[in-house]
Amino acid sequence: MALLNFRRKDTSAPTTTSPEVEALLKDYSIEVMPRTAEKVEDFRDLLPAETRVYIAHIEGTPIEDMVATAKRLNEGGFKVMPHFPARIIKDKATLADWISRYQGEADVKQALLLAGGVASPHGDFSDSMQLLETGLFDEAGFERLHVAGHPEGNRDIDSDGSTANVDAALKWKNDFQTRTDAEMALATQFAFDADPIIKWADDLREAGITLPVHIGIAGPAKLQTLIKFAIACGVGPSLKVLQKRAMDVTKLLLPYEPTDVINALAAHKAANPDFNITHVHFFPLGGIKTNATWAQDNGGASAVPANAD
């Protein structure tokens, strides 16, 4: 006999989609890696047509695997946005080679530029600004360039816990958008609490940062998985949301879902149409299918898979 009986989610109950959430989830994006993408038989069964799919480039992943994943997604009708992590790119020639491969083999026209998660650069680059300064993305005619945003700061960039270096980099990137024909936006680290996200986004506007924000949201996952990733990725104050949940024995074994944070952001967006968070970007930490299913259950017409017909 079980000592504790945990209430299971009633999957038979009809899901009600709010128009506010449906609007916020319109044109959402999602992140994959080559090894996780391999587990998906057909992305068109899970994602809406033309969904933007980021491909995370983890240290040690061969560029051939990245390009092959990009090609497969492009052929499936999706907008492909591979990561270009500065610290694992040896030099300008390597960067040019990657761009050439992505464009020649997978017709890639979008990129996320970021420093990357390694402590020491492998070569000439240490941050996304240096990648932008090469001019290679403009020369190649990239239509969209995203750069990283950090709603709760980044200890790798500001070890003292401030946001001084992050803020300075944001101003540089914001100024750079006036010198490129590509559309630019901020794609952020994930967070779990809407209040600090809203404050950060409002502070950006007050500081004159006009880059639109694609807010990072962790998809449904086991609580232990999320806490592990949150600590590893330096998630700040909103980690308390998970810690509070972990102390509630009735929720400890239930999977986390981003319903509360999405509902709060959607309501704020509906009340403030000029709010600078324009899109949601999912980190499918509990699996791509699990995340896509949650989006379908909550996003209404904004999350209907391409193969739904």
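One structure accompanies this document, and this report is about it. Sequence positions are assigned chain by chain, starting from 1 and proceeding in written order. Reporting in this predicted model follows two pLDDT cut-offs: at least 70 for local features of residues, and 80 or more for side-chain atom pairs to be given and counted; totals over whole chains, interfaces and linings ignore these cut-offs and use all residues. Only hydrogens and water are set aside when side-chain values are computed; all heavy atoms of the structure are taken into account.

**Observations regarding the overall build of the protein chain**
This is how the line gets drawn: Each helix is a run of H or I in the DSSP string that is no shorter than four residues. Each strand is a run of E no shorter than two, and both are numbered from the N terminus. Remark: exposure states derive from per-residue accessible area (1.4 Å probe, protein chains only) relative to the maximum for the residue type, with buried under 20%, exposed over 50%, and partly exposed in between. Residue exposure ignores everything except the shown protein chains as possible cover, and the areas themselves are Shrake-Rupley values with a 1.4 Å probe.
Helices and strands together make up the secondary structure of the protein chain, namely 12 helices and 8 strands. Classification of the 309 residues of the protein chain by burial places 46% in the buried group. Working note: accessible area of the protein chain is about 15400 Å², and carbon and sulfur atoms make up 49% of it.

**Concerning the side chain of glutamate 31**
Here is the rule we go by: Only four residue types enter the tally: Lys and Arg on the positive side, Asp and Glu on the negative side; His and the chain ends are excluded. We count a salt bridge whenever a side-chain nitrogen from Lys or Arg sits within 4 Å of a carboxyl oxygen from Asp or Glu. What qualifies as a polar contact is a pair of N or O atoms within 3.5 Å, subject to a donor-acceptor requirement within protein and to the restriction that residues adjacent in sequence count only when both atoms come from side chains. A contact between two residues is defined here by any heavy atoms of the two lying within 4.5 Å.
The topology assignment puts glutamate 31 in strand E1 (residues 29–32). An unpaired buried charge is present at glutamate 31: no salt bridge exists, and arginine 35, the closest side chain of opposite charge, is 10 Å distant. For glutamate 31, the side chain forms a polar contact with the side chain of histidine 83, separated by 3.3 Å. Dropping the residues within four chain positions of it, glutamate 31 is found in contact with Tyr54, Ala56, His83, His281, Phe282, Phe283 and Pro284.

**A short note on the packing of helix H3 (residues 63–75) against helix H4 (residues 92–106)**
Heads up, the rule is: Only the stretch in contact is used when fitting a helix axis, every axis being a line fitted to C-alpha atoms; angles between N-to-C directions are given from 0 to 180 degrees. Should the near helix be turned anticlockwise from the far one by less than a right angle, the crossing is left-handed, and should it be turned clockwise, the crossing is right-handed. Residues were grouped as follows: Ala, Val, Leu, Ile, Met, Phe, Trp, Tyr, Cys and Pro as nonpolar; Asp, Glu, Lys and Arg as charged; and all remaining residues, including Gly, as polar.
Contact geometry for H3 and H4: axes closest at 9 Å, N-to-C directions at 35°. Relative to H4, H3 is oriented so that their crossing is right-handed. Here Ile63, Glu64, Met66, Val67, Ala70, Lys71 and Asn74 of H3 lie close against H4, whose contacting residues are Trp98, Arg101, Tyr102, Glu105 and Ala106. Classifying every residue of the contact of H3 with H4 gives 7 nonpolar, 1 polar and 4 charged.

**Re the sheet that holds strand E3 (residues 79–85)**
Applied cut-off: Note on pairing: DSSP must find at least two bridges between two strands before they are called paired.
The strand order around the closed barrel built from 8 strands is E1-E2-E3-E4-E5-E6-E7-E8, with neighbouring strands paired in parallel fashion. Pairwise comparison of adjacent strand axes, ignoring direction, gives a mean angle of 30° for this sheet. Bridge count for E1 against strand E8 (residues 277–283) is 2 bridges, and the pairing is parallel. Across the sheet, the residue bridging to isoleucine 30 is phenylalanine 282, located in E8.

So far we have only geometry, and geometry alone does not tell us how the molecule works.
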